[in-house]
Every structure is written in structure tokens, then in C-alpha cells.
Amino acid sequence: MTEQNDFYAPERVLVVVAHADDIEFGMGGTVARWTDAGTQVTYCIVTDNSAGSNHPDTDLEELTQIRYQEQLAAAKVVGVEDVRFLGYPDGTLQHTLDLRRELTRLIRQIRPQIVATMDPTVVFSSTNDYINHPDHRAAGEAAVYAAFPSAESRPIFRELLSEGLEPHRVSKVYLNFSLQPTLHVDVSETWQRKADALLCHKSQVGEDVLKFIREWDERAGREAGFALAESFRVLSINRDDHAPDGAEGR
Ligand SMILES: [Zn+2]
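Residues numbered from 1 in each chain as written. Predicted model: local features only at pLDDT ≥ 70, side-chain atom pairs only at ≥ 80, totals over all residues. Heavy atoms only, no water.

Some thoughts on the overall build of the protein chain
What counts is decided by this rule: For the purposes of this entry, the term helix denotes a DSSP run of H or I that reaches at least four residues, the term strand denotes a run of E that reaches at least two, and both are numbered from the N terminus. The globule rule used for comparison is 2.2 Å times the number of residues to the exponent 0.38, while the radius of gyration itself is calculated over C-alpha atoms. Throughout this description, buried means an accessible area under 20% of the type-specific maximum (1.4 Å probe, protein chains only), exposed means over 50%, and partly exposed covers the range between. Neither His nor the chain termini are counted; the positive set is Lys and Arg, and the negative set is Asp and Glu. Positions of charges follow a simple convention, taking NZ of Lys, CZ of Arg, CG of Asp or CD of Glu.
A count of helices and strands for the protein chain gives six helices and seven strands. Scanning the protein chain from its N terminus toward the C terminus, one meets helices and strands in the order β-α-β-α-β-α-β-α-β-β-α-α-β. Taken over the C-alpha trace, the protein chain has a radius of gyration of 17 Å; the compact-globule value for 250 residues is 18 Å, and the two agree within 12%. Projected onto its principal axes, the C-alpha coordinates of the protein chain cover approximately 45 × 45 × 35 Å. Across the 250 residues of the protein chain, 52% fall into the buried class. Each charge sign in the protein chain was given a centre, from 25 positive and 40 negative side chains, and these centres are 6 Å apart.

Right, here's the structure in full:
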């Protein structure tokens, strides 16, 4: 069932992805809609982004700092000030209990209604021309299992209780780059800001990338009757009593 006409802007959203630029490719327009509506959005970038160059002379520590700065600038374009970098080595990310604990800690600190991440079930693209980066899947899987069951279960990661972090129930998990989207967000009005944010990642992308991202978002838009859209598979795992009618995704 599709819930394409219900744009849900809660109080707080946490976005968890592997790399600087993952958010801008897939959900920058949606983030701009959230911040326009007054939602507090926090970004968590799990890796140090040091695999963003294949050049043998690249100083990888310097690259990490450049990419962190690019991410901060991109966040600012869509109204996000709170960006957390976890610094795991880029390219070899695993869904470990340490990572799941760190994300659980973050969820209990921020207490978001929505956790957005990349769909960890996608291994290959439907067009058979892309192997999903394993870091995307690892970050997505850790974020999903941090949202449920870890964040809401008192007995899991009991050490977090001694940090004063009580359990928190996440209402919805939004999975970006999914092959089974259930929600199309109209980003026609915010698309230019998405493009501007994407171009902040100067070490990774140039203007040429905008053409294919626009085609991508136009295709998603056609499925829902919008000029431009971003799509998500939405898991409604807990009822949010503050959500508007029809925004429960059932
Ligand atoms: Zn990536």
C-alpha cells in the first residue's frame, strides 16, 4: 500500500548513512522538507570517508577532513546543523555490536520519531548494473536493529542505562534506495537545494551528476504524480500518537 500523499514531519529525525554524500544523493529534498516544517534533523555519517579517492598520492587523513567539511556544508544547505561522524574505516564497514551500540546510544540521546537509513536488503540494483556498496548495507542494518529492538529494550546494552539513556521507541524507519518503496515524497519545491547540497561534495561529484539524479527523481515522481520525488520503504514499527491521521502507513 502506498502512502504517497502523506508527508509526515515529526519533531525529530535521525538519518544514519555510511558515507558523506549518501544523504544528498537519495534524500536531500526530503530533509529540506522536514527542516522547512520545523523538524530537527540529525545526520550520522558512520565511516571516515577515506576511501573516496583511488589516487595513490592522496593523503587519506586529509581527505577525511575535506569530506567532513563538505558534509557540514551540504547539511547547512538543507537546514541541518547537527552532524555526527563516527569515523569507522571507509570500505570495510561491518554491522558489529559496537556499531549497533553506538547507534542505539544516539537514538536514545536524540529520541527521534523517524530513523532514516539505506535499505540493507538491497544487494544488486534492479537494472543489474550496480552492486550495492557493502558499507551502505552494514550501516543500514545496524541502524535498523538499533531502532528495533535495541533502542526500546531496557535489557539490551544495559550499560547505556548507567549513562542515563532510557529506552526510546522509534515510530517509523524510512529506508532509502529501496526496491520496494511505499512512500514517494514530493521534492519538486526543494530539489534545487538538494542539488546545491550534493554539489558541496566537491571532492566526489561535479555538475554532470545532477543530470542523472534529476532523471532518477523524475522517474520516482512519475510513479506518484509529482514532478520530482524521492522514495522510501516505510516501516511503521510503533504508533506515534502525535502523527497526523493517515500518516501511520497502514
Ligand atoms: Zn555511499
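After that view of the structure, there is still more to cover.
Describing the sheet that holds strand β7 (residues 229-236)
Going by this rule: Pairing between strands is defined by DSSP: at least two bridges between them are needed. Comment: axis = line fitted to C-alpha atoms, over the contacting stretch for helices; angle = value between 0 and 180 degrees taken between N-to-C directions. We call two residues in contact whenever any of their non-hydrogen atoms come within 4.5 Å of each other.
Read across the open sheet, the seven strands follow the order β3-β2-β1-β4-β5-β7-β6; overall the sheet is mixed. Only two strands of the sheet have a single partner each, and these edge strands are β3 (82-88) and β6 (183-186). Averaged over all pairs of adjacent strands, the angle between their axes in this sheet comes to 25 degrees, without regard to strand direction. Direction of pairing for strand β4 (residues 114-118) relative to strand β5 (residues 172-176): parallel, over a ladder of five bridges. In the strand pairing of β5, Ala116 is matched with Tyr174. In the packing of helix α2 (residues 60-77) onto the sheet, contacts are made with β2 (40-47) and β3, and the angle to β3 comes to roughly 155 degrees. Its contacts with the sheet put helix α6 (residues 208-224) on β6 and β7, and the angle it makes with β7 is roughly 60 degrees.

Quick notes on helix α5 (residues 191-199)
Heads up, the condition is: Taken from the helix axis, the directions to the C-beta atoms give the arc we talk about.
Of all the positions in α5, only Trp191, Lys194, Ala195, Ala197 and Leu198 are classed as buried. With its buried residues spanning 160 degrees around the axis, α5 presents them on a single face. Against α1 (22-36), α2, α6 and β7 lie the buried residues of α5.

A look at the packing of aromatic side chains
Where we set the bar: Two aromatic rings from Phe, Tyr or Trp, using only the six-membered ring of Trp, form a pair when their centres are within 6.5 Å; if the ring planes differ by under 30 degrees the pair is stacked, by over 60 it is edge-to-face, and anything between is tilted. Only when the NZ of Lys or the CZ of Arg is both within 6 Å of the ring centre and within 35 degrees of the ring normal is a charge said to sit over the ring.
Using the criterion set out here, one finds six aromatic pairs in the structure. Each ring, one from Trp34 and one from Tyr174, has its centre 5.7 Å from the other, and the planes form 50 degrees; the classification is tilted. One end of the pair, Trp34, is in helix α1; the other, Tyr174, is in strand β5, with 140 residues separating them in the sequence. The same class applies to Trp34 and to Tyr174, which are both buried. Ring centres of Tyr174 and Phe232 lie 5.3 Å apart, and the angle between their planes is 55 degrees; on these two criteria the pair is classed as tilted. Taken as a pair, Tyr174 in strand β5 and Phe232 in strand β7 lie far apart in primary sequence, 58 residues in all. The same class applies to Tyr174 as to Phe232, namely buried. One Lys or Arg, Arg33, reaches over the ring of Phe7 and ends 3.9 Å from the middle of that ring. Geometry around Trp191 places Arg214 over its ring, the cationic atom sitting 4.9 Å from the centre.

Some points on the packing of helix α3 (residues 97-110) against helix α4 (residues 134-150)
Quick note on the threshold: Convention used here: angles under 35 degrees read as roughly parallel, angles over 145 as roughly antiparallel, angles from 65 to 115 as roughly perpendicular, and any remaining angle as oblique. With the far helix as reference, a near helix turned anticlockwise by less than a right angle produces a left-handed crossing, and one turned clockwise produces a right-handed crossing. Note on residue categories: nonpolar means Ala, Val, Leu, Ile, Met, Phe, Trp, Tyr, Cys or Pro, charged means Asp, Glu, Lys or Arg, and polar means any other residue, Gly included.
At a minimum axis distance of 8 Å, the contact between α3 and α4 shows a crossing angle of 55 degrees. Regarding the angle of α3 to α4, the classification is oblique. Both α3 and α4 take part in a crossing whose hand is right-handed. Across the interface between the two elements, Leu99, Arg100, Leu103, Thr104, Ile107 and Arg108 of α3 pack against Ala138, Ala139, Ala142, Ala143, Tyr145, Ala146, Ala147 and Ser150 of α4. Grouping the constituent residues of the contact of α3 with α4 by class yields ten nonpolar, two polar and two charged.

Notes on the pairing of β2
As a reminder, the rule being used: Viewed with both strands pointing away, a crossover whose connecting path from the first strand over the helix to the second turns clockwise is right-handed.
Of all eight residues that make up β2, seven are buried, and the element is covered over most of its length. Bridge analysis of strand β1 (residues 12-17) against β2 gives six bridges, and the strand direction is parallel. Of the residues in β2, the one forming a bridge with Val17 is Ile45. Note that the unit made of β1, α1 and β2 has a crossover that is right-handed. In this fold, the crossover linking β2 to β3 by way of α2 has right-handed handedness.

Here's the deal with the side chain of Gln71
Following the sequence through the fold, Gln71 ends up in helix α2. Among residues more than four places away in sequence, those in contact with Gln71 are His19, Ala20, Asp21, Glu24, Tyr43, Ile45, Val83, Phe85 and His201.

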